[in-house]
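Fold and geometry: a report
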Amino acid sequence: MEPSPLTHQPRPEDDSDEPDRSEGFWKEFFLLRPDRPALRQILDATRPNDLLQLQHQTRQLFAQAIAALRQPFGVADLHALDTLSTFMLAVLAKKYTNPSGDIIEVLAGLDNIDNVFTEFVSALESLIRNGRNTTHECCPHDIGHVGQEEPRVGNRASCTYTADLQQRAIEVALAVASGAYQTSLLTYFIQRDLFPAIINCIQLQITSTTPRISSPFMLLGLLANYNKFEFQNPYQMRLNDFVNERVIRGIVKSVGQTCRRLREQYIEVQEDLPEGWSLAGTLSKIGLGAITPGGKPPPKPVYDADTAKRLFAELPGQEAAVLLATYDFTHANKLFSLELVTWTPEKGEEQPFASFISLTSYLLQHAYLSQRTTLYCHLNLMVFRLLIEDPVLCKRICSEDSKVPVRLCRQRSPYLPVVRGERILATAVMDTMLDAINHNLRRRLDAGLYTLCVGILLRIIGYMSRSRTRLQYHWADLFRSLLSLVRFLTTYAGDLKPLPHIDTLLDHVVNLIALGLSAGETFLPTPAAYDDLFYKVVESGEVLIKFRETYGLANRASNSIDTLVNVSTHYKEMLTVGGDSGKGDGKGNGAAGKGARSQLTSLQVAEVIKQGYETLSIQAKEGLDSWEKYREADERTLLKKMARAAVGDVRAMVAQ
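The residue numbers shown here count from 1 along each chain, following its written sequence. For a predicted model such as this one, the threshold for reporting local features is a pLDDT of at least 70, and the threshold for listing and counting side-chain atom pairs is 80 or more; totals across whole chains, interfaces and linings nevertheless cover every residue. Here the side-chain values reflect all heavy atoms present in the structure, with hydrogen atoms and water set aside.

Naming follows an unreviewed UniProt entry, where the chain appears as Armadillo-like helical domain-containing protein of Corynascus novoguineensis. UniProt positions are given in the numbering used here, feature names are shortened, and annotations may be inferred rather than shown by experiment. According to the UniProt record, the Subcellular location (unreviewed entry) comment for the chain is "Membrane".

As structure tokens, then:
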């Protein structure tokens, strides 16, 4: 005889003869708060074939949970969502012989799957859109059993738990979307447009005292990426047309908050504020002191190098999946891109785009530690590329109006100069690119990542040259990093030549340096900065000649390597002549014999460089600052890998 799950009392005799659990059983079942860890443990221990043998029970559980969502009573809908989240995660995670077909058999059977899953998605959509604004009188069924706290209903008057229902429904949708991403089940989410419901959920969350926007935003990202290269994904079309400024600002704010939480995970492993300077002090000087908590924080633990490396390799946290949706919105929606770059929050909050730049700097300094981190680096770099390629946004990023404080990663040497206080966004982006170039040099070079970084620098500096925008910046470090990259590419050419994207990277590096030589007076702030660039090129003359020969660059019309070599040769001849007229003794011991530059002071070399401008003719190729506009189809393979990584992060996040 089947006892009641609520009262544990025997049921009437006639109930025990029913092949299915009775309606009363399921009502009482969903009034109890589920023990989710225990349910997950049972399901995880059940092998796929055994689960298929239990399909009668699993189908009934799935159908009755949907019924509890469609016709709620008490807190049954809340408990049904918790049960479904755990159940779907476990069922969809198993390795079936025939994934789509076997999952269908477990949930509903082939004959019923259309009706059952359509009803399931419809129930989720209704809860995501509106929750359930209803009141409950206190009743004995509104009691807990095990698990986490939940909104209490009853007690004197009433309780509205719309937000909690919406979030639990989003969690179930995320469990299904991440678990069924490689199956045909997700087509039900594509056929039933959930976009308005998700946006309505975000809109309601914005007005909440504790808005939770990142989860519905992640769901949008997963749905918008599902087979988007195979068919016209309706969520992509929705992103294109969306113009609700209030919701977009709420999303942008949430993205900034998520980036700060992810950044904090890196700082927990290794504090990297430069000694004698703190973000709190800097922010307080400009009226943003509320960003940091008051009082002296407790000291963070100090890890040895191996432990820190292991901890860094596990980062970023699973919330990083929100970056996939950020990329999609940036790619598809001009208003979102504008708000991301320009929106300034209330006093006391860090600007979202500054948080995005900051997180990217931490990701890039540790990009080499895992494939997952590398993928997120590529994703954020593509966001930068999209923003920089928009002339309106690039102008804003390079303008004085964009000044904000930006915390950049300083967890690995070599370090770039510290910039205290506010800075123009473009300079923070350039620092982030330089850090990426300096910290990821490997024989197995990620040429795609380097092409993105140097390409972003080329686009920013190209805009500055065309608009004659001069920014105070440590230009010497930028050109030193680029010429160091040239030395690395020359030294390890045997390992690097076969890499994809390597030709584009070579052209970008050469053309960026050549752009500085031919048009530096349009964007470099002082003549001294211009002279320093020439000095560095002359100093690297032998490396540049070997670089040209090693990669056969002289035979390609896509770069201006001859400009660099000719400038170096011109000044080398001048310095040699200067040395011959100096202390030469006719035995090869003068300036020419030992190398003219070794016999001249830096001031004398600088003077020769200035004199050389009069006789120097720079024959640079046209279009040094030209670049190909971003095409998503070119990044198809990488974006598919990125979507799979985000799916894995969402699945792990929901499982927690």
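1. With respect to the overall build of the chain
The secondary structure listing takes helices from DSSP runs of H or I that are at least 4 residues long and strands from runs of E that are at least 2 residues long, numbered from the N terminus. From N to C terminus, the chain includes 32 helices and 2 strands. Taking all 656 residues of the chain together, the buried fraction comes to 55%. In the form shown here, the chain has an accessible surface area of approximately 29000 Å², with 49% of it arising from carbon and sulfur atoms. Type-normalised accessible area, obtained with a 1.4 Å probe on protein chains alone, sets the label of each residue: buried when under 20%, exposed when over 50%, and partly exposed for intermediate values. For the area figures, the Shrake-Rupley method with a 1.4 Å probe applies, and any residue is considered shielded solely by the protein chains shown.

2. A word on the packing of helix α18 (residues 352–365) against helix α19 (residues 371–389)
Axis definition: a line fit to C-alpha positions, over the contact stretch in the case of helices; interaxial angles, taken between N-to-C directions, run 0 to 180 degrees. For the pair α18 and α19, the least separation of the axes is 9 Å and the interaxial angle reads 140°. The angle between α18 and α19 falls in the class oblique. Relative to α19, α18 is oriented so that their crossing is left-handed. Residues Phe353, Phe356, Ile357, Thr360, Leu363 and Leu364 of α18 touch α19, and the partners they reach there are Thr373, Tyr376, Cys377, Asn380, Leu381, Val383, Phe384 and Leu387. When residues are sorted by character, Ala, Val, Leu, Ile, Met, Phe, Trp, Tyr, Cys and Pro go into the nonpolar class, Asp, Glu, Lys and Arg into the charged class, and all the rest, Gly among them, into the polar class. Looking at the contact of α18 with α19 residue by residue, the class counts come to 11 nonpolar, 3 polar and no charged. Angles below 35 degrees are treated as roughly parallel, those above 145 as roughly antiparallel, those between 65 and 115 as roughly perpendicular, and all remaining angles as oblique. The crossing is said to be left-handed when, going from far helix to near helix, the turn is anticlockwise and less than a right angle, and right-handed when the turn is clockwise. In what follows, a contact means two residues having at least one pair of non-hydrogen atoms within 4.5 Å.

3. Structural notes on the confidence of the model for the chain
Looking at the chain, the pLDDT average stands at 86 and 84% of residues meet or exceed 70. Taken together, the stretch residues 11–18 has pLDDT below 50 and engages in 12 contacts with residues farther than four places along the chain or on a different chain. Confidence scores here are pLDDT values: one per residue, from the predictor, ranging 0 to 100. Throughout residues 134–159 the model reports pLDDT below 50, and contacts reaching past four residues in sequence, or to other chains, amount to 51 contacts.

4. Examining helix α21 (residues 425–439)
Side chains of residues three or four places apart in an α-helix project in the same direction, reflecting 3.6 residues per turn. Expected span, for any helix, means 1.5 Å times one less than how many residues it has. Along its 15 residues, α21 runs 21 Å from first to last C-alpha, staying within 8% of the 21 Å computed at 1.5 Å per residue. Among the 15 residues in α21, 14 count as buried, and that is most of the element.

5. Focus on the environment of histidine 439
Within the element layout of this structure, histidine 439 appears in helix α21. Since its relative accessible area comes to 1%, histidine 439 is described here as buried. Beyond its immediate sequence surroundings of up to four residues, histidine 439 is in contact with Gln365, Tyr368, Arg412, Ser413 and Pro414. Here a polar contact means two N or O atoms within 3.5 Å. Within protein one must be a hydrogen donor candidate and the other an acceptor candidate, and residues neighboring in sequence count only if both atoms are side-chain atoms. There is a polar contact of 3.4 Å between the side chain of histidine 439 and the backbone oxygen of serine 413. There is a polar contact of 3.2 Å between the side chain of histidine 439 and the backbone oxygen of proline 414.

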